[in-house]
Amino acid sequence: MDTNKKNKHGKLKWFAIGATLTAAGFIVIPRLIKKYGTKVYRNTLNTSEIDFDNMGPEIVPFESKTQEEKTCQE
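Our subject in this report is the structure included herewith. This is a predicted model, so every value here is computed, not measured.

Let us now look at the overall build of the chain. In terms of regular secondary structure, the chain is built from 2 helices and 0 strands. Buried residues in the chain amount to 0% of all 74 residues.

Bringing a nonpolar patch on the surface into the picture now. Judged by side-chain polarity, Phe26, Ile27, Val28, Ile29, Leu32, Ile33 and Tyr36 come together as a nonpolar surface patch covering roughly 720 Å² of accessible area. Note on placement: Ile27 falls in helix α1 (residues 2–45). The class for Ile27 is partly exposed, based on a relative accessible area of 44%.

Criteria and thresholds
Residues numbered from 1 in each chain as written. Predicted model: local features only at pLDDT ≥ 70, side-chain atom pairs only at ≥ 80, totals over all residues. Heavy atoms only, no water. Helix = DSSP H or I, 4+ residues; strand = E, 2+ residues; numbered from the N terminus. Buried < 20%, exposed > 50% of the residue type's maximum accessible area, 1.4 Å probe, protein only. Patch = residues over 30% accessible without salt bridge, like charges linked within 9 Å, V, L, I, M, F, W, Y side chains within 5 Å. Areas by Shrake-Rupley, 256 points an atom, 1.4 Å probe, with all protein chains shown as cover. Salt bridge = Lys/Arg side-chain N within 4 Å of Asp/Glu carboxyl O.

The following block contains the structure:
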């Protein structure tokens, strides 16, 4: 009977450890990644702000593109 109690306590202990790690993985770790990931990203850019005004797509005129295609085909 003593070994049966040890097995139950061992299973309960591993269940509690697993539940704690799962909660940490879904709740705590994503918050830490978001918090510190932003700081690391900004440090790698060496700026504190990102200028979103100059991030538009590059618009290439249709005529110049067709001229480039014609010269490549010749």
